[in-house]
Amino acid sequence: MPLAIILVLIQIAFVVHVVKSGRDRYWIYLILFVPAIGCAVYFITQVLPEMGQSRTVRHATRSLLKAVDPERELRRRKEELAMADTIDNRMRLAEECIDAGFHADAIGLLLECLRGSHQGDPHILMLLARARFDAGYFEDARATLEQLIEKNPEFKSHDGHLLYARTLESLNLVDAAAVEYEVLQHSFPGEEARVRYALMLARIGETEKARRLFNDTLMRARRAPKYYRVQERPWLTMAEQNLAQST
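Scope of this entry: the structure provided in the associated data block. (Residues numbered from 1 in each chain as written. Predicted model: local features only at pLDDT ≥ 70, side-chain atom pairs only at ≥ 80, totals over all residues. Heavy atoms only, no water.)

When you line up the elements, E192 lands in helix 12 (residues 192-203). For E192, a relative accessible area of 19% puts it in the buried group. Apart from residues lying up to four places away in sequence, E192 is in contact with L162, E232 and W235. (Helix = DSSP H or I, 4+ residues; strand = E, 2+ residues; numbered from the N terminus. Buried < 20%, exposed > 50% of the residue type's maximum accessible area, 1.4 Å probe, protein only. Contact = heavy atoms within 4.5 Å.)

Structure representation (structure tokens):
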């Protein structure tokens with residue numbers, strides 16, 4: 001495709017972006033009458049920062065960096081901890097260790113954090129429960145989450161609640177897990193909790209209720225904005241696949 005046509009298409013796209021985003025109209029004149037420079041300036045000053053604030057773009061960027069250099073963030077967090085041995089730096093390194101599969105290292109770091117005034121810190125306990133769950137120590141994960149609630153009765157976390165339900169399910173306490181999932185299906189932001197509940201129901205033979213949940217998930221997504229469907233795509237795909245298998 002000739003360069004001139006590509007530039008015209010970029011101009012059209014940027015003009016539409018100016019109008020839809022409600023930016024000052026002088027950008028349109030700059031884009032149209034100084035095409036190359038105007039488009040470059042608009043992209044650098046307006047589009048690029050907006051992309052950087054996008055959760056989807058940030059996630060894609062992190063995934064790309066991890067694919068190229070899987071331990072890049074892990075090295076950076078280790079360097080930060082070596083420079084300043086703080087609770088925050090230990091927690092950040094522990095989180096990277098969890099993501100990298102170094103669960104024993106993460107658990108050790110987090111246990112070191114649970115000292116003094118931080119003994120009952122809900123964020124440290126939450127991360128410790130996650131590390132123990134991912135390591136397969138489900139009873140320890142359950143005990144950690146129950147300790148969190150005991151010490152912090154006012155603490156609320158959708159992710160923590162979902163982790164507790166998953167922990168009960170992993171311990172094969174399906175009745176107790178179902179109680180938690182029932183609450184989560186109405187309160188959890190996004191589709192993960194509903195799909196996980198449906199998967200558990202399918203696993204224990206409650207196929208009709210599982211099908212209803214999968215179907216409700218897909219119906220809800222059809223009414224949702226496009227960005228929501230993009231964000232929840234992995235769970236929607238899982239719901240579609242399992243619904244198709246059950247028919």
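Past the structure itself, the notes keep going.
To continue, consider unusual backbone geometry. Residue N172 is not a glycine yet carries a positive backbone phi of 65°. Structurally, N172 can be placed in the loop between helix 10 (158-170) and helix 11 (174-187). A relative accessible area of 53% places N172 in the exposed class.

Here the focus is the side chain of T144. Structurally, T144 is set in helix 9 (residues 138-151). Leave out the neighbours within four places in its chain, and T144 touches L125, L128, A129 and R132.

Side chains bearing opposite charge may pair, as long as their charged atoms lie close to each other. Counted according to the given criterion, the structure contains 17 salt bridges. Taken together, the shared-partner salt bridges in this structure form one network comprising E73, R76, R77 and E80. (Salt bridge = Lys/Arg side-chain N within 4 Å of Asp/Glu carboxyl O.)

If you look at the biggest cluster of nonpolar residues, it comprises 30 residues, and the most contacted ones within it are L162, Y181, L184, Y197, M200 and F214. When residues of this core are traced back to their parent elements, those giving at least two are helix 8 (122-134), helix 9, helix 10, helix 11, helix 12, helix 13 (207-223) and helix 15 (233-245). It is helix 12 that provides the largest number of residues to this core, a total of 6 residues. Filtering out sequence-adjacent residues up to four positions away, F214 remains in contact with V195, A198, L199, A239, N242 and L243. With 20 residues, the next largest nonpolar core counts C97, L109, L128 and A131 among its residues. (Core = buried A, V, L, I, M, F, W, Y, C linked by side-chain atoms within 4.5 Å.)

Applying the stated criterion to the full structure yields 5 aromatic pairs. The interplanar angle of 15° and the centroid separation of 5.4 Å between the aromatic rings of Y181 and Y197 together place this pair among those described as stacked. With Y181 in helix 11 and Y197 in helix 12, this residue pair connects regions lying 16 residues apart in the sequence. Note on accessibility: Y181 and Y197 belong to one class, buried. Members of the aromatic cluster, connected to one another through ring pairs, are F14, W27 and Y42. (Phe/Tyr/Trp six-rings, centres within 6.5 Å; stacked < 30°, edge-to-face > 60°.)

Turning our eyes to something else, we now look at a nonpolar patch on the surface. Nonpolar side chains collect at one region of the surface, where Y26, Y29, L32, F33, V34, I37 and V41 lie side by side and expose about 730 Å² of accessible area between them. Broken down by secondary-structure element, the contributors of at least two residues to the nonpolar patch are helix 2 (26-33) and helix 3 (35-52). With 4 residues, helix 2 is the single largest residue contributor to the nonpolar patch. Along the polypeptide, Y26 turns up in helix 2. (Patch = residues over 30% accessible without salt bridge, like charges linked within 9 Å, V, L, I, M, F, W, Y side chains within 5 Å. Areas by Shrake-Rupley, 256 points an atom, 1.4 Å probe, with all protein chains shown as cover.)

Contact geometry of helix 10 with helix 11 gives a least axis separation of 8 Å together with a crossing angle of 150°. Viewed along their axes, helix 10 and helix 11 adopt a mutual orientation that is roughly antiparallel. Our pair here, helix 10 against helix 11, has a crossing hand that is left-handed. For the pair formed by helix 10 and helix 11, the contact residues are H158, H161, L162, Y164, A165, R166, L168 and E169 on the first element and A176, A177, E180, Y181, V183, L184 and S187 on the second. Class assignment for the residues of the contact of helix 10 with helix 11 results in 9 nonpolar, 3 polar and 3 charged. (Axes fitted to C-alpha atoms, helices over the stretch in contact; angles between N-to-C directions. Parallel < 35°, antiparallel > 145°, perpendicular 65-115°, else oblique. Left-handed = near helix turned anticlockwise from the far one by under 90°. Nonpolar A, V, L, I, M, F, W, Y, C, P; charged D, E, K, R; others polar.)

What follows is about helix 7 (residues 103-113). For helix 7, the full list of buried residues reads H103, A106, I107, L109, L110 and C113. On an axial view of helix 7, the arc spanned by its buried residues comes to 165°, and they lie on one face. Where the residues of helix 7 are buried, they touch helix 5 (72-83), helix 6 (87-100) and helix 8. (Arc of directions from axis to C-beta.)

This part is about helix 10. The terminal C-alpha atoms of helix 10, which comprises 13 residues, lie 18 Å apart, in line with the 18 Å expected from a rise of 1.5 Å per residue. Among the residues of helix 10, those classed as buried are G160, L162, L163, Y164, A165, T167, L168 and E169. Against helix 8, helix 9, helix 11 and helix 12 lie the buried residues of helix 10. The N-cap residue of helix 10 is S157: its side-chain oxygen and the backbone nitrogen of D159 are 3.4 Å apart. (Expected span 1.5 Å × (residues − 1). Polar contact = N/O pair within 3.5 Å; in protein donor to acceptor, adjacent residues only side chain to side chain.)

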